[in-house]
Amino acid sequence: DAFNDDECDYLFKAVLIGDSGVGKSNLLSRFSRNEFRLDSKPTIGVEFAYKNIRVGDKLIKAQIWDTAGQERFRAITSSYYRGALGAMLVYDLTRRATFDNLRKWLEELRRFANTDMVIVLVGNKSDLVDKREVEEKEGRNLAEKEGLCFMETSALENVNVEEAYLEMVTKIFEITS
Ligand code: GDP
Ligand code: MG
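Sequence positions are assigned chain by chain, starting from 1 and proceeding in written order. Naming scheme: in the order in which they are written, chains are lettered from A and ligands are numbered from 1. Confidence filtering applies because this is a predicted model: local features only for residues at pLDDT of at least 70, side-chain atom pairs given and counted only at 80 or more, and all residues used for totals across whole chains, interfaces and linings.

With an unreviewed UniProt entry as reference, the protein chain is termed Ras-related protein RABA6a, source organism Papaver atlanticum. Under Subcellular location (unreviewed entry), UniProt gives the following word-for-word description of the protein chain: "Endomembrane system". UniProt positions are given in the numbering used here, feature names are shortened, and annotations may be inferred rather than shown by experiment.

Novice: Can you walk me through the overall build of the protein chain in this structure?
Specialist: Put simply, DSSP H or I for four residues or longer makes a helix, DSSP E for two residues or longer makes a strand, and each gets a number counted from the N terminus. Looking only at helices and strands, the protein chain has six helices and six strands in total. Reading the protein chain from its N terminus to its C terminus gives the helix and strand order β-α-β-β-α-β-α-α-β-α-β-α. Its C-alpha atoms give the protein chain a radius of gyration of 15 Å, near enough to 16 Å, the size a compact globule of 177 residues would have. Overall, the C-alpha framework of the protein chain stretches about 45 × 30 × 30 Å when taken along its three principal axes. Of all 177 residues assigned to the protein chain, the portion counted as buried reaches 39%. Residues are defined as contacting one another if the C-beta atoms placed from their backbone atoms lie within 7 Å. Long-range pairs, those at least 24 residues apart, make up 72% of the contacts in the protein chain with a sequence separation of at least 6. As defined in this context, the radius of gyration uses C-alpha atoms, and a globule is described by 2.2 Å times the residue total to the power 0.38. Using C-beta atoms placed from the backbone, we call a residue buried if 20 or more other C-beta atoms fall within 10 Å of its own, exposed if 12 or fewer do, and partly exposed for counts in between.

Novice: Quick question: what am I supposed to make of the site of ligand 1 here?
Specialist: In the region of ligand 1, 18 residues are neighbours, and Gly23, Lys24, Ser25, Asn26 and Leu156 sit closest. Under the convention adopted here, Pro, Cys and the residues Ala, Val, Leu, Ile, Met, Phe, Trp and Tyr are nonpolar, Asp, Glu, Lys and Arg are charged, and Gly plus all remaining residues are polar. Taken together, the residues of the shell around ligand 1 sort by class into five nonpolar, eight polar and five charged. Here, nearness is defined through the C-beta atom: a residue counts as near a molecule or strand if that backbone-placed atom lies within 6 Å of it.

Novice: Sorry if this is basic, but what is going on with the confidence of the model for the protein chain here?
Specialist: Predicted coordinates in regions of low pLDDT should not be interpreted in detail. For the protein chain, the average pLDDT comes to 91, and 93% of its residues sit at 70 or higher. Both scores are given for the predicted complex: the pTM is 0.93, the ipTM 0.99. Confidence per residue, as judged by the predictor, is encoded in pLDDT with a range of 0 to 100.

Novice: I tried to follow helix α1 (residues 24-33) on my own but got confused; where do I start?
Specialist: Side chains that are three or four residues apart share a direction in an α-helix, a result of its 3.6 residues per turn. In terms of burial, α1 is largely enclosed, as seven of its ten residues are buried. Where α1 ends, the next residue or the one after it, Asn34, has phi of about 55 degrees, a positive value.

Novice: Honestly, the pairing of strand β3 (residues 58-65) in this entry has me stumped. Any pointers?
Specialist: For two strands to be treated as a pair, DSSP must find at least two bridges joining them. Judged from the six bridges that link them, strand β1 (residues 10-17) and β3 form a sheet pairing that is parallel. Counted as the bridge partner of Phe12 is Ala62 from β3. By the bridge criterion, eight bridges tie strand β2 (residues 48-55) to β3 in an arrangement that is antiparallel. Counterpart to Ile53 in the pairing with β3 is Ile60.

Laid out in structure tokens, this is it:
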């Protein structure tokens, strides 16, 4: 839900979802702390991070939730989605299976999430040009068909990460205001 905060005009909750290893935690740490980790550690302790984002003359506090590795067991519960106005649905463009699984993630979103949730489809690891298994236009086509925003990112090289979050938050702001 959007509500007022001391310094901010709005607080938006958004969630990161997608298969294990696609780069969700790094997309969050890159955005919130400008950090990247080469090793893959399931998130320990950190449930969410905050980041203030300016949209026009409004200051929005984005509260972004990361999984603690539950996605491995397909055990993300409805409470994870509760109150979320946005979702970043991430696949790894070097692993086609993570793209094929988007269908399942979209089903889950439709089951648990608000119908007007803003969903940004993110194809991550665009820096791995030689390992690409999913073409950009495939991601774009799926997004168009499902009515999602779309972006290819690299958490490693910090490409389009800020843009993806900004797009999500701006869209949420347009819908809720
Ligand atoms: P999560 O399981 O979805 O949270 O994925 P992680 O953020 O833990 O990342 C999984 C692995 O992919 C780690 O080894 C990361 O270093 C790596 N990784 C994440 N994002 C990128 C990226 O943009 N490019 C490359 N080359 N590797 C990435
Ligand atoms: Mg993670």
